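Architecture and fold: a report
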Amino acid sequence: MARTPLTLAALATSAVPGLNVLGTRAHTGDGDGEFTSAVLVTDEEDHIIRVPRTSGAEVRQSAELLGLAALAEGAREALPFAVPIPRGITRAGDTRAVVTTFIPGDRVAAEDIESDALLLQPIAEAVAAIHSLPTQLVHQGGLPARSAEDVRTQAMRLVERAAHTHLLPDTVRRRWEHTLASRELWDFAPAVVHGSLTAEQLIVTDDRIVGILGWDALAAGDPAIDLAWLLASGADALDAVLARYAIQRGVTGVRELRARAQFYHQLEVARWLLHGVDTHDSAVIDDAVGMFDR
């Protein structure tokens, strides 16, 4: 069913009784095309309405609503950036429409973040603030809470699945198994993690991070998972953020933290390979195999 800005505005007023929509404008922030969305101009702050276009998007939206619900007012106040606030939900055909507050600002690509960029300090502060939240909010919200051993076991199973495809090069498999066998590397204290952080989730204004989106994987787990994406910007960017992050949180074990971040970054290729295998997509499989070769 095609949804125009007018129909989305009508859904929004159904989801949020009393919402006075003065106008709508296109929203292109959902780059994967799995949501139909529009920004709603109201007589107060702007809102955004998002309708999933796939079952996978609907699942992620459900998880995000749980994550946002866990971020109670006290947690939001402790963060140096804004988080979307859910305003209402309504049916939209066979799925649903969700209205949240809209955080205005610019998006940034990972490759645009350099080792001397002004964003490095705000990134370190934002990630450190998330990791400093009390893990109690995860438990109270019924969200996943993984120990260091849970995280290691999860990664081990992913490597085993990739190896069973017989497409994982032996050199890569041995390197990953060596990483998994290092007890020192996996001796860390779990923290609250965003869980799916990428450059695309950052909302930026004047070299400041004013908002972070995509809270569908909020959990207690390995802090390194929220730093792995920086390797898409280059090793220098990761190292620069890590140095600032360590000061912000007053943590040690930066070498181990970096090694796990690099490991998680490499595991994305395994996930891509398994996606290709599961969906029988030979183009994805060939792409993943090419990444392994490089």
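Structure report, in brief.

What counts, and at which threshold
- Residues numbered from 1 in each chain as written.
- Predicted model: local features only at pLDDT ≥ 70, side-chain atom pairs only at ≥ 80, totals over all residues.
- Heavy atoms only, no water.
- Salt bridge = Lys/Arg side-chain N within 4 Å of Asp/Glu carboxyl O.
- Helix = DSSP H or I, 4+ residues; strand = E, 2+ residues; numbered from the N terminus.
- Buried < 20%, exposed > 50% of the residue type's maximum accessible area, 1.4 Å probe, protein only.
- Contact = heavy atoms within 4.5 Å.
- Pairing = 2+ DSSP bridges.
- Axes fitted to C-alpha atoms, helices over the stretch in contact; angles between N-to-C directions.
- Expected span 1.5 Å × (residues − 1).

Now for the pattern of salt bridges. Under the criterion given, the structure shown has 14 salt bridges. One salt bridge in this structure joins Arg161 and Asp278, with 3.4 Å as the shortest N-O distance. Taken together, the residues span a long stretch of sequence, with Arg161 in helix α6 (residues 148-164) and Asp278 in helix α9 (residues 254-279) at a distance of 117 residues. With its nearest N and O atoms 2.6 Å apart, the salt bridge here joins Asp239 to Arg258. Here Asp239 is found in helix α8 (residues 235-249), whereas its partner Arg258 is found in helix α9, with 19 residues between them in sequence. When salt bridges that share partners are traced, they join Glu149, Arg152 and Arg183 into one network.

Structurally, Leu79 is set in the loop between α3 (73-77) and β4 (86-92). The class of Leu79 is buried, set by a relative accessible area of 7%. With 34 residues separating them in the primary sequence, Leu79 and Ile113 have C-alpha atoms 22 Å apart. Those residues in contact with Leu79 that sit more than four places away from it in its chain are Ala129, Ile130 and Leu133.

Further remarks concern the sheet that holds strand β1 (residues 21-26). Strand order in this open sheet of 5 strands is β1-β2-β3-β5-β4, and the pairing throughout is antiparallel. Strands at the two margins of the open sheet, each flanked by one partner only, are β1 and β4. Adjacent strand axes in the sheet meet at a mean angle of 25 degrees when their direction is disregarded. In the sheet, strand β2 (residues 35-42) pairs with strand β3 (residues 47-52) via 6 bridges, with the strands oriented antiparallel. Opposite Ser37, over in β3, you have Arg50 as the bridge partner. Packed onto the sheet, helix α1 (residues 5-15) meets β1, β2, β3, β4 and β5 (95-101) and runs at close to 115 degrees relative to β4. Here helix α2 (residues 55-70) sits on the sheet in contact with β2, β3, β4 and β5, set at roughly 40 degrees to β5.

Let's shift gears to the environment of Leu119. Tracing the sequence through the fold places Leu119 in the loop between β5 and α4 (120-131). Along the primary structure Leu119 and Ile103 are separated by 16 residues, whereas in three dimensions their C-alpha atoms are 18 Å apart.

Further remarks concern the side chain of Gln61. Among the secondary structure elements, Gln61 is positioned in helix α2. Other than its neighbours up to four places away in sequence, Gln61 contacts Phe35, Arg50, Pro52, Arg96 and Val98.

In this section: α8. In a regular helix each residue adds 1.5 Å, so 15 residues correspond to 21 Å; α8 covers 21 Å between its end C-alpha atoms and thus fits that length. The set of residues buried in α8 consists of Ala237, Leu238, Ala240, Val241, Leu242, Tyr245 and Ala246. Buried residues along α8 sit in contact with α4 and α9. Among the residues trailing α8, Gly250 stands out with phi positive, at a value near 65 degrees.

Purely geometric numbers; function is a separate question.
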